[in-house]
Amino acid sequence: MQPTAHRALSVSALNRQVKSLLEHSFLSIQVIGEISNLARPSSGHWYFTLKDSKAQVRCAMFRNSNQRTGFVPREGDEVLVTARVSLYEGRGDYQLICERMEKSGLGQLQQAFDALKAKLDKEGLFDSTRKRPLPPHPRHLGVVTSPSGAAIHDILTVLKRRFPGLPVTLYPTAVQGQEAAGQIVAAIDLANRHAQCDVLIVGRGGGSLEDLWPFNEEIVARAIAASAIPIVSAVGHEVDISISDLVADQRAATPSAAAELLSPDRHALLLRLNQLRRRLESRIGWQLERKRHQLQGARQRLRHPGERVREHMQALDRLELRLQRATQRLLEQRRNRLTELNARLQRVTPARRLEQYRHQLQQLQPLLSRLMQRHLERNRLRLAQQSGKLQSVSPLATLERGYSILLNPAGQAVSSAEQVSPGERLEARLHRGRLTCTVDSIEPGE
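Enquirer: When you look at the overall build of the chain in this model, what are you seeing that I'm missing?
Expert: Per the secondary structure count, the chain includes 13 helices and 13 strands. Structurally, the chain occupies a C-alpha span of about 150 × 145 × 45 Å along its principal axes. Counting every position in the chain, which comprises 446 residues, the buried fraction comes to 27%. For the chain, long-range pairs separated by at least 24 residues make up 61% of all intrachain contacts whose partners lie at least 6 apart in sequence. As presented, the chain carries roughly 31400 Å² of accessible surface, and 54% of it is formed by carbon and sulfur atoms. Each charge class in the chain was averaged separately, 65 positive and 45 negative side chains, and the resulting centres sit 15 Å apart.

Now the structure itself:
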């Protein structure tokens, strides 16, 4: 029995090995379940049980992880946790060490929201450059929302207080549920086909992310972007941001805020109208008084037309005399200028210059003949000198004195007996003519 006891594991060793095995087999998993037995001690850690209809598992979420959750879970909440499988060695219970927690269903919706947001942003649907300005004073307001919801009631209440004369057309639609997105798109399309409104409010009151989800659908976003009518998106409460808010030409925090944004304040308009009326009356009175003074001044300055005609006739006569004198002075100046230019032209006439050049040419021709004759004499003398020098070194002069040049068959000059062989034929070039010779014998010399 003693050897068997040595091979047995202690409970601590067993739990340690099982813990290591679990932690290495399940690195990170996601588990969905309902929270029960939630405990939140002063350390800030959370301890709870995650269960479904058939089983349960203990869980622990330490403070450094649960601080990033963004909400405090309650008993009965269904959540999605990302965790590591581990073992609590003290009790031998396996447990989940949770690293992240989110409400079940909301995580998938948030992922879908983020994916669609990134896609539409990449396409430029959120760009401020494509958003159209809202009309400063709408002539007709369209509202796309539920006819029984709080949104239409809030909008009409604000309009009744601020500007009850603004016409409103309701395009009814569901604002939550699976059919809502298609109905919202159809309502926006109907408003564009009617072309009756110059601005639309699309929205609903507050709710959960699932309730507001139709306004995060891609078809609704594209319908808002394609609308020819400017759209104000008013979805949920002030903290709620939907895809529709990002695509719309303007976002309002609530439906009431959208009505405030689009409706002018009648009290402010009446006050402004009274101010403008008073300014207009004051301006008209000032203009009338000014024109009255101008009329009196014109009456005092008014004279008989005949007197004005005579003054103009005298002025015309003075101008005529001034024109005549100016014309005479101008003609005299031009005549003097013409005389001066004619005299200058006579001094530089081409005929005179040609006569000067002809006289110079006659004087230069004898000089040119003498220079050419002298140049020819010098060249003839130089030619005779060069010819004598050339004749003194010419081989032909040597031949003339009785010498000859021997050439081998290749036409090369023979200067040594060693360059030929007996019987070889040579050519002897004389002063006059050539001789063909045959070598009979060779006598080498020093």
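Enquirer: Help me understand the pattern of salt bridges, please; the structure alone is not making it clear to me.
Expert: Close approach of charged atoms allows side chains of opposite charge to pair. Enumeration over the complete set of coordinates arrives at 18 salt bridges. A salt bridge links glutamate 218 to lysine 119, with the nearest nitrogen and oxygen atoms 3.0 Å apart. One end of the pair, glutamate 218, is in helix α7 (residues 218–226); the other, lysine 119, is in helix α4 (residues 106–123), and 99 residues separate them in sequence. The partly exposed category is assigned to glutamate 218, whose relative accessible area is 26%. Looking at lysine 119, the relative accessible area reads 38%, which means it is partly exposed. Here glutamate 281 ties to arginine 277 by a salt bridge, and the two come within 3.3 Å at their closest N and O atoms. One end of the pair, glutamate 281, and the other, arginine 277, are both in helix α10 (residues 266–301), 4 residues apart, so they sit about a helical turn from each other. Overlapping salt bridges, with partners in common, bring together Lys119, Glu123, Glu218 and Arg222 in one network.

Enquirer: Quick question: what am I supposed to make of the pairing of strand β12 (residues 425–429) here?
Expert: Along any regular strand the residues' side chains alternate between the sheet's two faces. Of the two faces of β12, the one holding Leu426 and Ala428 is buried and the one holding Arg425, Glu427 and Arg429 is not buried anywhere. Joining the antiparallel neighbours β12 and strand β13 (residues 434–438) is a turn of 4 residues, in which glycine 433 adopts a positive phi near 95°.

Enquirer: Is there a simple way to explain the sheet that holds β12 in this structure?
Expert: Two strands in a sheet stick together by hydrogen bonds in their backbones, pointing the same way (parallel) or opposite ways (antiparallel). Here 3 strands make up an open sheet; going across it, the order is β11-β12-β13 and the pairing antiparallel. Of all strands in the sheet, those bounded by a partner on one side alone are β11 (405–407) and β13. The mean angle between the axes of side-by-side strands here comes to 30°, regardless of whether they run parallel or antiparallel. Relative to β12, β11 runs antiparallel, the two sharing 3 bridges. In the sheet register, leucine 406 faces β12, and the bridge partner there is alanine 428.

Enquirer: Can you walk me through the sheet that holds strand β4 (residues 78–88) in this structure?
Expert: Taken in spatial order, the 5 strands close into a barrel running β1-β2-β3-β5-β4, and their pairing is mixed. Averaged over all pairs of adjacent strands, the angle between their axes in this sheet comes to 55°, without regard to strand direction. Sheet topology places strand β1 (residues 29–39) next to strand β2 (residues 46–51); 4 bridges connect them, and they run antiparallel. Residue pairing across strands places serine 36 opposite threonine 49, the latter belonging to β2.

Enquirer: Help me understand the nonpolar core in this model?
Expert: Among soluble globular proteins, nonpolar side chains are generally buried collectively. In terms of nonpolar packing, the biggest core is built from 30 residues, with Leu120, Ile188 and Val247 touching the most fellow members. Secondary structure elements with two or more residues in this core: α4, α6 (180–194), β8 (199–204), α7, β9 (231–235) and α8 (243–247). Residue contacts for leucine 120: discarding those within four places in its chain leaves Leu125, Phe126, Ala221, Arg222, Ile243 and Val247. Among the nonpolar cores identified, the runner-up in size contains 17 residues, and Leu22, Val79, Val81 and Val85 belong to it.

Enquirer: Explain unusual backbone geometry to me, please; I cannot follow it from the model alone.
Expert: Glycine aside, negative phi is the norm for most residues, and most peptide bonds take the trans geometry. Although it is not a glycine, asparagine 37 adopts a positive phi angle of roughly 55°. Counting through the fold element by element, asparagine 37 comes out in strand β1. Taking the relative accessible area as the measure of exposure, asparagine 37 reaches 56% and is therefore exposed. Phi angles above zero are rare outside glycine, and alanine 195 is one such case at about 55°. Residue position: alanine 195 is located in the loop between α6 and β8.

Enquirer: Where do I start with the packing of α6 against α7 in this structure?
Expert: Helix-helix packing is characterised by the crossing angle of the two axes and by the distance between the axes. Packing of α6 against α7 leaves a shortest axis separation of 9 Å and a crossing angle of 10°. Classified by the interaxial angle, the pair formed by α6 and α7 is roughly parallel. For the pair α6 and α7, contact is made by Ala181, Gly182, Ile184, Val185 and Ile188 and by Ile219, Val220, Ala223 and Ile224, respectively.

Enquirer: Help me understand the side chain of aspartate 77 in this model?
Expert: Secondary-structure assignment places aspartate 77 in the loop between α3 (63–66) and β4. Buried charge aspartate 77 goes without a salt bridge, the closest partner of opposite sign being arginine 74 at 4.1 Å. Within the structure, aspartate 77 has its side chain in polar contact with the backbone nitrogen of arginine 74 (distance 2.8 Å). Aside from chain neighbours lying at most four places away, what touches aspartate 77 is Gly33, Glu34 and Ile35.

The rules behind each value
- Residues numbered from 1 in each chain as written.
- Predicted model: local features only at pLDDT ≥ 70, side-chain atom pairs only at ≥ 80, totals over all residues.
- Heavy atoms only, no water.
- Helix = DSSP H or I, 4+ residues; strand = E, 2+ residues; numbered from the N terminus.
- Buried < 20%, exposed > 50% of the residue type's maximum accessible area, 1.4 Å probe, protein only.
- Contact = heavy atoms within 4.5 Å.
- Areas by Shrake-Rupley, 256 points an atom, 1.4 Å probe, with all protein chains shown as cover.
- Lys, Arg positive; Asp, Glu negative; His and termini not counted.
- Charge placed at Lys NZ, Arg CZ, Asp CG, Glu CD.
- Salt bridge = Lys/Arg side-chain N within 4 Å of Asp/Glu carboxyl O.
- Pairing = 2+ DSSP bridges.
- Axes fitted to C-alpha atoms, helices over the stretch in contact; angles between N-to-C directions.
- Core = buried A, V, L, I, M, F, W, Y, C linked by side-chain atoms within 4.5 Å.
- Parallel < 35°, antiparallel > 145°, perpendicular 65-115°, else oblique.
- Polar contact = N/O pair within 3.5 Å; in protein donor to acceptor, adjacent residues only side chain to side chain.

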